[in-house]
Amino acid sequence: MNVFFRSLGALTLLAVSSWANAFDLQQLSEQLAKPDVIHGQFIQEKHLRALPQPLISKGSFVLAKNHGLLWLLKTPLQQDYRITANGIARRDTNGWQLLPNKSAGAEQNRLFLAVLQGDSSGLQRDFELALSGTAQQWQLTLTPRSMLLKQVFKQINIDGGALVQTIELLETQGDSTLLRMQDSTAEQPLSEAEQHDFAE
């Protein structure tokens, strides 16, 4: 009997310690929010039901804590975007121009910013979050809460380690977007040009 209870106690302690060591949303948020600046490359594949091949775009990005996100598209066309708390701006010959906030693209870009910055509280307002894995290799699934988001997205899958590595957007109409973040580094500060872009 004593052996049974000792075994039961050991199993309970093991279960509690495993649960205590489980990687949770708070830890993920803290991990993703650590770097002050992240530079990297991206490849975006847009899979449309009507097209046999995906539309592929490539570029680079700069994510800066307390500033926002520079999304610099290189191919198939060159176009710079800046995503901050003030909204989304596109660069033209006259400088940065704020875009209307109501577009689906604007919502998607705001979502990217929340994901990359590890803003789980912001995401939880709009999505059910399910996290699995470890700090070194985790998967986060976002399921829309609101009717508005349910009309656009079926599910969003995010994979990563120290930083976000892939974001997959599955749309209700059958289209999907796969975003791969490559060569991301948190060791390089903002350049003068990047500081200027955020300050404008």
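Quick caveat, the model's predicted, so the values are computed rather than measured. (Residues numbered from 1 in each chain as written. Predicted model: local features only at pLDDT ≥ 70, side-chain atom pairs only at ≥ 80, totals over all residues. Heavy atoms only, no water.)

### A look at unusual backbone geometry
- Going from threonine 75 to proline 76, the amide bond is cis rather than trans, its omega being 5°.
- For proline 76, the position within the fold is in the loop between strand E3 (68-75) and strand E4 (79-84).
- For asparagine 66, which is not a glycine, the phi torsion comes out positive at approximately 70°.
- Position of asparagine 66 among the secondary structure elements: in the loop between strand E2 (55-64) and E3. (Helix = DSSP H or I, 4+ residues; strand = E, 2+ residues; numbered from the N terminus.)

### Some details on helix H6 (residues 192-199)
- Within H6, burial applies to Glu194, Asp197 and Phe198. Viewed end-on, H6 has its buried residues packed into an arc of 95°, placing them on one side of the element. Those residues of H6 that are exposed and aimed more than 90 degrees away from the buried face are Glu192, Ala193 and Ala199.
- If you follow the buried residues of H6, they end up packed against strand E1 (37-47), E2, E3, E4, strand E5 (87-92) and strand E6 (95-98). (Buried < 20%, exposed > 50% of the residue type's maximum accessible area, 1.4 Å probe, protein only. Arc of directions from axis to C-beta. Contact = heavy atoms within 4.5 Å.)

### Things to note about the pairing of E2
- When you tally the buried positions in E2, you get seven out of ten residues, the bulk of the element.
- Relative to E2, E1 is paired through ten bridges, and the arrangement is antiparallel. By the bridge assignment for E2, valine 37 is matched with alanine 64.
- The turn linking E2 back onto E3 is made up of three residues, and asparagine 66 within it adopts a positive phi angle of 70°. (Pairing = 2+ DSSP bridges.)

### Details of the pairing of strand E8 (residues 138-144)
- Burial along E8 is one-sided: the face carrying Trp138, Leu140, Leu142 and Pro144 is buried and the face carrying Gln139, Thr141 and Thr143 is not.
- One ladder, built from seven bridges, connects strand E7 (residues 127-133) with E8; its direction is antiparallel. Pairing of serine 132 across the sheet is with glutamine 139, part of E8.
- Looking at chain direction, E8 and strand E9 (residues 153-160) are connected through five bridges and run antiparallel. Within E9, the position partnered with tryptophan 138 by the bridge is glycine 160.

### Brief notes about the sheet that holds E5
- Read from one edge to the other, the open sheet built from eleven strands follows the order E6-E5-E4-E3-E2-E1-E11-E10-E9-E8-E7, with strand pairing classed as antiparallel. The outermost strands of the open sheet, each flanked by one partner alone, are E6 and E7. Averaged over all pairs of adjacent strands, the angle between strand axes in this sheet comes to 20°, irrespective of strand direction.
- Along the sheet face, helix H2 (residues 25-33) touches E7, E8 and strand E10 (164-171) and points at about 110° away from the line of E8. (Axes fitted to C-alpha atoms, helices over the stretch in contact; angles between N-to-C directions.)

### Quick word on the packing of aromatic side chains
- If you walk through the whole model with that rule in mind, you get two aromatic pairs.
- Ring centres 4.0 Å apart and planes at 10° place the aromatic pair phenylalanine 42 and tryptophan 71 in the stacked group. You can see phenylalanine 42 sitting in strand E1 and its partner tryptophan 71 sitting in strand E3, a full 29 residues away along the chain.
- Its relative accessible area of 7% is what places tryptophan 71 among the buried residues.
- Ring pairs connect the aromatic residues Phe42, Phe61 and Trp71, which therefore count as one cluster. (Phe/Tyr/Trp six-rings, centres within 6.5 Å; stacked < 30°, edge-to-face > 60°.)

### Examining the side chain of aspartate 80
- Along the chain, the position of aspartate 80 falls in strand E4.
- Polar contacts involving the side chain of aspartate 80 include one to the side chain of arginine 91, which spans 2.9 Å.
- The residues touching aspartate 80, leaving out its near neighbours within four places in the chain, are Trp71, Leu72, Leu73, Ala89, Arg90, Arg91 and Trp96. (Polar contact = N/O pair within 3.5 Å; in protein donor to acceptor, adjacent residues only side chain to side chain.)

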